[in-house]
Amino acid sequence: MPSMNFQLTKRQQEIMELLILGKRADGIALELHISINTVRRHLSLIYRHFGVTSQAQAIAIFFSAQKKQTPPAKSFVEETKLSEREQGVMALYQKGLGPKQIAAILSLAPSTVREYARRARNKIDAKTTQ
């Protein structure tokens, strides 16, 4: 059962902020002067803390909490109604991949990848501004 306390440690907040900026785990490790295994452990704890399984879901919840400064809804991803494909596209973008690379991985056209990302961002923006 995930924790309902949405407060992250200072280090976890730093890691989330770098993820949002598009940094990958190895880049975060270099920037924070910690090992990549430490970054991965923090990410694992963050996912468990929020009750999510992907970077895209964790980032969505983190954005929501930061904008509102109140605990986000129990299942932010469900409320935004992000499809599995939208979640997958956003997770790959967060890993630093571009539309062409994502398209090759998911067997989609690059324009389709951009459309999934646009829809996901619109859903997240709409939900976090309510």
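That block above? That's the structure.
Model, not experiment: these values are computed from the prediction.

## Section: the overall build of the chain
Part 1: Broken down by element type, the chain carries eight helices and zero strands.
Part 2: Its helices and strands in sequence order give the chain the pattern α-α-α-α-α-α-α-α, from N to C terminus.
Part 3: A burial count over the chain gives 39% of its 130 residues as buried.
Part 4: Within the structure as shown, the chain displays about 7,600 Å² of accessible surface, and the carbon and sulfur contribution to it stands at 52%.

## Details of the pattern of salt bridges
Part 1: Applying the stated criterion to the full structure yields six salt bridges.
Part 2: Glu 14 is paired through a salt bridge with Arg 11; the nearest N and O atoms lie 3.0 Å apart. With Glu 14 and Arg 11 both in helix H1 (residues 10-20) and three residues apart, the pair spans about one turn of that helix.
Part 3: Of the charged contacts, one joins Glu 31 and Lys 23 as a salt bridge, the two residues approaching to 3.2 Å between their closest N and O atoms.
Part 4: Taking relative accessible area as the criterion, Glu 31 reaches 41% and is therefore assigned partly exposed.

## Some remarks on unusual backbone geometry
Residues apart from glycine generally show negative phi values, whereas peptide bonds are mostly found in trans.
Part 1: Of note in this structure, His 33 is not a glycine but carries a positive phi near 60 degrees.
Part 2: With respect to the helices and strands, the residue His 33 is situated in the loop between helix H2 (25-32) and helix H3 (36-50).
Part 3: For His 33, a relative accessible area of 73% translates into the label exposed.

## A few points about H1
Part 1: Those residues of H1 that sit buried are Gln 12, Ile 15, Met 16, Leu 18 and Leu 19. For H1, the arc enclosing every buried residue in end-on projection is 165 degrees, short of the 170-degree limit, so these residues lie on one face.

## A word on the packing of H1 against H3
Part 1: Where H1 meets H3, the closest approach of the two axes is 10 Å, and the angle between their N-to-C directions is 95 degrees. Judged by the angle between their axes, H1 and H3 are roughly perpendicular. Facing H1, whose interface residues are Arg 11, Gln 12, Ile 15, Met 16 and Leu 19, H3 presents Val 39, His 42, Leu 43, Leu 45 and Ile 46.
Part 2: Each residue belonging to the contact of H1 with H3 can be placed in one class, and the counts come to seven nonpolar, two polar and one charged.

Parameters at a glance
Residues numbered from 1 in each chain as written. Predicted model: local features only at pLDDT ≥ 70, side-chain atom pairs only at ≥ 80, totals over all residues. Heavy atoms only, no water. Helix = DSSP H or I, 4+ residues; strand = E, 2+ residues; numbered from the N terminus. Buried < 20%, exposed > 50% of the residue type's maximum accessible area, 1.4 Å probe, protein only. Areas by Shrake-Rupley, 256 points an atom, 1.4 Å probe, with all protein chains shown as cover. Salt bridge = Lys/Arg side-chain N within 4 Å of Asp/Glu carboxyl O. Arc of directions from axis to C-beta. Axes fitted to C-alpha atoms, helices over the stretch in contact; angles between N-to-C directions. Parallel < 35°, antiparallel > 145°, perpendicular 65-115°, else oblique. Contact = heavy atoms within 4.5 Å. Nonpolar A, V, L, I, M, F, W, Y, C, P; charged D, E, K, R; others polar.

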